[in-house]
Amino acid sequence: MSSVTLQNVTKIYGGGALKAVKDLSFEVEDGEFLVLVGPSGCGKSTALRMIAGLEEISDGGVWIGDEFVNDMHPKDRDIAMVFQSYALYPHMSVYDNIAFPLQIAKMSRQETEKRVQEAARVLELENYLKRKPGQLSGGQRQRVAMGRAIVRQPSAFLMDEPLSNLDAKLRVQMRAEIAGLQRRLGTTTIYVTHDQVEAMTMGDRVALMKDGVLQQIDSPSNIYNKP
Ligand code: ADP
Ligand code: ADP
């Protein structure tokens, strides 16, 4: 586990034509679940991608724990991204989808198997390891996407609209599952969404963005229940 700290992080696209993120500063504490929320185009995804190292930082600094990561390659950052479940490899088994990041990291076969089995147990996927993603329900597929993040045992999870692809009923169920799982694992999490209900119900704190600027950062009740 680690804190994640942003200090005056700015993203300029198109040679100065667009400031997608402006002077963004916040600290996510060890084990905290922060929801980054705001309308489409406000810069949430860009902010998350800069933390992950998938987007160059134009100005400012990002720390994961005590480590300054601005110039660090994405795969050397101790974080795992969780995308929508359709980011799974359709031709690979559930086992291989979950094991994939460990195989990339050249982890031993024995340790890989141990971690995949443990993730499968936590996510109740033990009986589905030989199936292909196409043979699973939407919720199971989303859990496989979570499994792929969990096995790395990262300091932090970065989740980008992981539920936006699911139908309404499943979204409600997976909101609770992801929040519950995060609390059990205690892994520092930044969760990006445009969905106010997710922001209200899932996180310890909510960071509200608009036009690339952080408007407010506070508990869900202080943000949404103010008279
Ligand atoms: P959100 O995740 O809140 O929907 P984004 O971070 O995706 O917002 O986008 C923020 C702004 O930056 C938008 O105006 C978007 O069009 C722009 N943008 C995002 N990615 C790029 C890019 N690769 N090149 C140029 N502009 C981009
Ligand atoms: P190979 O080395 O030929 O890939 P493996 O024994 O590693 O053979 O795996 C064969 C298939 O069985 C894999 O593609 C994977 O989907 C599945 N598999 C491997 N280990 C496990 C396991 N512990 N539990 C469930 N399925 C597994």
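Scroll up to find the structure.
These numbers come from a predicted model, not from an experiment.

Section: the overall build of the protein chain
Then, in step 1: Secondary structure assignment for the protein chain yields seven helices and ten strands.
Then, in step 2: The globule rule puts the C-alpha radius of gyration for 227 residues at 17 Å, and the 17 Å found for the protein chain is close to it.
Then, in step 3: Each principal axis of the C-alpha distribution contributes one length, and for the protein chain these read about 45 × 40 × 30 Å.
Then, in step 4: Evaluated residue by residue, the protein chain yields a buried proportion of 52% over its 227 residues.
Then, in step 5: Long-range contacts, defined as pairs at least 24 residues apart, comprise 68% of the intrachain contacts of the protein chain with a sequence gap of at least 6.
Then, in step 6: Total accessible area on the protein chain is roughly 11,100 Å²; 47% of this is exposed by carbon and sulfur atoms.
Then, in step 7: Each charge sign in the protein chain was given a centre, from 27 positive and 28 negative side chains, and these centres are 7 Å apart.

Points about the site of ligand 2
Then, in step 1: Around ligand 2, the neighbouring residues are S93, Y95, D96, R109, E113, Q117, L129 and K130.
Then, in step 2: Measuring from an oxygen atom of ligand 2, one finds a side-chain N or O atom of D96 at 2.7 Å.
Then, in step 3: Relative to its unbound accessible area of 540 Å², ligand 2 is 50% covered by the protein chains.
Then, in step 4: Only helix 2 (94-104) and helix 3 (109-122) provide two or more residues apiece to the shell around ligand 2.
Then, in step 5: Class assignment of the residues belonging to the shell around ligand 2 gives a composition of two nonpolar, two polar and four charged.

As for helix 5 (residues 168-185)
Then, in step 1: The terminal C-alpha atoms of helix 5, which comprises 18 residues, lie 26 Å apart, in line with the 26 Å expected from a rise of 1.5 Å per residue.
Then, in step 2: For helix 5, the set of buried residues is L170, M174, R175, I178, A179, L181 and Q182. The buried residues of helix 5 occupy one face: seen down the axis, they fall within an arc of 160°. Set apart from the buried face of helix 5 by more than 90 degrees, the exposed residues are K169, A176 and R184.
Then, in step 3: In this structure, the buried residues of helix 5 make contact with strand 3 (33-37), helix 3, helix 4 (138-150), strand 7 (156-160), strand 8 (188-193) and helix 6 (196-202).
Then, in step 4: Between a side-chain oxygen at the N-terminus of helix 5 and the backbone nitrogen of K169 the separation is 3.2 Å; the capping residue is D167.

Considering the pairing of strand 8
Then, in step 1: Here strand 8 lies mainly inside the structure; six of its six residues are buried.
Then, in step 2: Both faces of strand 8 are covered, namely the face carrying T188, I190 and V192 and the face carrying T189, Y191 and T193.
Then, in step 3: In the sheet, strand 3 pairs with strand 8 via five bridges, with the strands oriented parallel. Opposite L36, over in strand 8, you have V192 as the bridge partner.
Then, in step 4: For strand 7 and strand 8, the ladder comprises five bridges, and the chain directions are parallel.

A short note on the site of ligand 1
Then, in step 1: The immediate surroundings of ligand 1 are formed by Y13, L18, A20, P39, S40, G41, C42, G43, K44, S45 and T46.
Then, in step 2: Residue Y13 places a side-chain N or O atom 3.2 Å away from a nitrogen atom belonging to ligand 1.
Then, in step 3: In isolation ligand 1 has 560 Å² of accessible area, and contact with the protein removes 57% of it.
Then, in step 4: Those elements that place two or more of their residues in the shell around ligand 1 are strand 2 (18-28) and helix 1 (44-52).
Then, in step 5: Of the residues forming the shell around ligand 1, the biggest block, three residues, is contributed by helix 1.
Then, in step 6: Residue classes in the shell around ligand 1 are distributed as five nonpolar, five polar and one charged.

Description of the sheet that holds strand 7
Then, in step 1: Overall, mixed pairing links the six strands, which are arranged 6-7-8-3-9-10 in an open sheet. A single partner strand is all that each edge strand has here, and the edge strands are strand 6 (79-82) and strand 10 (213-218). In this sheet, neighbouring strand axes are inclined to one another by 20° on average, regardless of whether the strands run parallel or antiparallel.
Then, in step 2: Contacting strand 3, strand 7 and strand 8, helix 5 crosses the sheet at an angle of about 140° to strand 3.

Here is what the cut-offs are and how they apply
Residues numbered from 1 in each chain as written. Chains lettered and ligands numbered in written order. Predicted model: local features only at pLDDT ≥ 70, side-chain atom pairs only at ≥ 80, totals over all residues. Heavy atoms only, no water. Helix = DSSP H or I, 4+ residues; strand = E, 2+ residues; numbered from the N terminus. Rg over C-alpha atoms; globule rule 2.2 N^0.38 Å. Buried < 20%, exposed > 50% of the residue type's maximum accessible area, 1.4 Å probe, protein only. Contact = heavy atoms within 4.5 Å. Areas by Shrake-Rupley, 256 points an atom, 1.4 Å probe, with all protein chains shown as cover. Lys, Arg positive; Asp, Glu negative; His and termini not counted. Charge placed at Lys NZ, Arg CZ, Asp CG, Glu CD. Near = heavy atom within 4 Å. Polar contact = N/O pair within 3.5 Å; in protein donor to acceptor, adjacent residues only side chain to side chain. Nonpolar A, V, L, I, M, F, W, Y, C, P; charged D, E, K, R; others polar. Expected span 1.5 Å × (residues − 1). Arc of directions from axis to C-beta. Pairing = 2+ DSSP bridges. Axes fitted to C-alpha atoms, helices over the stretch in contact; angles between N-to-C directions.

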